[in-house]
Every structure is written in C-alpha cells, then in structure tokens.
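Residues per chain, in single letters:
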Amino acid sequence: MSLEWTGRGPGVVMHVRCPQRLPEELYRQVLEQMGELSPVVQALPPTAALADLRGALRYHGATASHLGEMLRLRTVSRFGADVRVGIGPTITVAATASAQVPHPGGVLAIEPADVADWLALLSVEDLHGIGPHQAGTLQRYGIDRVGLLAALPPETVQRLLGAKAGRTAVDRARGIDPRTVTPRLQPASATVRHRFPRDVLDGAGARSALLGLVVRLGAELRRRGQAARALTLTLTFAGGPKWDKTRRLTEPSAHEDDLRLLTYQLMDAAGLQRGRLTSLALRGEDLVDADQVARQLSLDGNRETRLVAEVAVDRVRDKFGPGIIGPAAVFPRAS
C-alpha cells in the first residue's frame, strides 16, 4: 500500500484526529494550520476535522502523505499536540484510516485502488459510521469483517439494521460515500463552565452561576458571529455522576433572552431536590453563522429594547473587559 498517493481518483480527503479533547482555542489553532494547507476545511469538534486536498495537491506540488506529515510537524512543534491523519478518496475511508493510526500520531493514506482490499480485512466496528450497537448486531449474525458486510445484498443488511442504516452500512463497506467536505472553520459548538468552590444545592447561588454561563455563552457567540440552534446543560454532582440534556431553540439565536429561557427550562427539567452540584456546563450546539439567521422584527417592544441594549453592553465589554457589566444577579454581593 503506497503512502505516496498523488491524489488521482474520485477525491482526496484528509481526516485529522486530535489525541484528546483540546481546549477550544487550541482546537481552533489546529484548524488554522489545516487552513494553511487547504482552503476547504470542515471542523468536527471537539477532536476531529476534515480537509479536501484536491486543490491543495496542485498548489503545494506535494503528495497527500507529505501534506499530512507537514500538518503533524506543525501541530507538534507549535502546540505540542500530535495528530493522527487518515487520507482516502472518501470521508468514510479517510476517517476509518485515521482511527487505524497508532498513538500518538502518524499518517495513513489509502489509494483508491486499494480501498476494497484494505477495508475487507477490518473488523466491522472499525468502519467509520458503524456504532457499537450496529456492530454487535452484525457480529451476532457472523458478520465480523467489513469484507463480509460488503459482500452481502443491501436488503439482507437492511433487515438487520433498518432500511436507511443498512443501505448506508453496505455502501460504506464498499467504499461508497457521496458526502463532500463542507467548509466550516469555526467549531460547531461553544462551551462555558462554572465550578463551585464548594458543593451547592439548586438555589440562588446555582441560579446565579447558571445566569452567568448564559451571559458568557451569549457574548462568546456574538463575538464569533455565530448563533446556536440548540443548548446542552450538563450538571456534575458530588461523587462524580453527571446529568445532561439537550433542547433545540425555536430559531437560532445568540441573544441572552432566548438562551436564558431555554437554559432555565433545562435546569427545571433536571428536577433537582437534594443533589449537591460541583459544576455546571452550558454548550451551544449546531452553530451557524449569524448572518444566515433571518432577523425578525418583534412586536415585543421590551425585547427590541433589550436587543439594542445588548449591542451597547457588548461594546462596553469589548472596551473594558467581559466582567465589567452584566445582570446584577451574577455579581457577588458585598457583605
């Protein structure tokens, strides 16, 4: 199997896996390094990303493997983070290859002519897109290798996994994947966290911290020029157990009013009684560019006034710092 693939074939996709969940700023820097190699980069936070290398090969006059090694060298030397790089003619092949690279990092390139033979020897759980439950179902029927899955009629697998999942599984086992890399440099999520200095019950202190997260998340989204389609609230309790729940917003938003309403609904859904909280995390999910969100004029005059005030508050924070202004409930009271 050649590692000097020049990119002849239906596509040239690079799938990059970071060694662990990176801090958001470091993850963004890795994306920027990928952007120096290819203009077509898709973030898959928190630990992966895709790049379409077809134009990059011609621009840099290099092989796909060489570009992968360049990325590794840059991330290690600049950020101390090695990456695992898979390269193939489709997203499925590239992502499957990156998972086969041993830790801490390396490059594995699969040429189009080698895809079928290479995939055939892998366990079904190693095929990107096959989850543990699906793999378990296939294995119970003796389908333990990707080659066996690829050889089956789609109708047979559909009876085991369901119509859509079965068709997709067979296609991917055969190296078929029509998806393309969709440019998206910004992460598709944003997370803010609060750790309590001591365990607390759901009360004024917890609600104040929750409101503080709403303020911080909204400010971060507006700074990025993004809006969230959904929110996930994660509660961590003394002793280690966690609770999390996700709900979608009526429409994408980065405004505190909208984020606060849904966040409080998530907190109420937890049904806390005597559970002692150690930390909170609020994550904006499925982010979109704010300029893609239609601006609807509200008939609620108070809301429109708050939106105007929000713009002014953001300017004050940009000039004097994020903690200079905000809802009174998030500031500690003087004793």
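In this text, all values refer to a predicted model and were calculated from it rather than measured experimentally.

**What about the overall build of the protein chain?**
Then, in step 1: Tallying secondary structure elements over the protein chain gives 12 helices and 10 strands in all.
Then, in step 2: Long-range pairs, those at least 24 residues apart, make up 64% of the contacts in the protein chain between residues at least 6 apart in sequence.

**Focus: a positive patch on the surface**
Then, in step 1: Together, Arg21, Arg193, Arg195 and Lys242 make up a positively charged patch on the protein surface.
Then, in step 2: On the secondary structure map, Lys242 appears in strand β8 (residues 242-253).
Then, in step 3: Judged by relative accessible area, which is 61%, Lys242 ranks as exposed.

**Focus on unusual backbone geometry**
Then, in step 1: Residue Pro104 follows His103 across a cis peptide bond; omega there is 5°.
Then, in step 2: You can see Pro104 is positioned in the loop between α4 (91-100) and β5 (106-109).
Then, in step 3: The phi dihedral of Asp286 is positive, around 50°, even though this residue is not glycine.
Then, in step 4: Note on placement: Asp286 falls in the loop between β9 (277-285) and β10 (288-289).
Then, in step 5: A relative accessible area of 30% means that Asp286 is categorised as partly exposed.

**Thoughts on the environment of Val146**
Then, in step 1: As for its position among the elements, Val146 is in helix α7 (residues 146-151).
Then, in step 2: Given a relative accessible area of 0%, Val146 falls into the buried group.
Then, in step 3: When the C-alpha atoms of Val146 and Arg174 are compared, they prove to be 8.3 Å apart, with 28 residues separating the residues in sequence.
Then, in step 4: Once residues within four sequence positions are removed from consideration, Val146 is found in contact with Leu119, Ala120, Leu122, Ser123, Val124, Leu127 and Ala173.

Procedures and definitions
Residues numbered from 1 in each chain as written. Predicted model: local features only at pLDDT ≥ 70, side-chain atom pairs only at ≥ 80, totals over all residues. Heavy atoms only, no water. Helix = DSSP H or I, 4+ residues; strand = E, 2+ residues; numbered from the N terminus. Contact = heavy atoms within 4.5 Å. Patch = residues over 30% accessible without salt bridge, like charges linked within 9 Å, V, L, I, M, F, W, Y side chains within 5 Å. Areas by Shrake-Rupley, 256 points an atom, 1.4 Å probe, with all protein chains shown as cover. Salt bridge = Lys/Arg side-chain N within 4 Å of Asp/Glu carboxyl O. Lys, Arg positive; Asp, Glu negative; His and termini not counted. Charge placed at Lys NZ, Arg CZ, Asp CG, Glu CD. Buried < 20%, exposed > 50% of the residue type's maximum accessible area, 1.4 Å probe, protein only.

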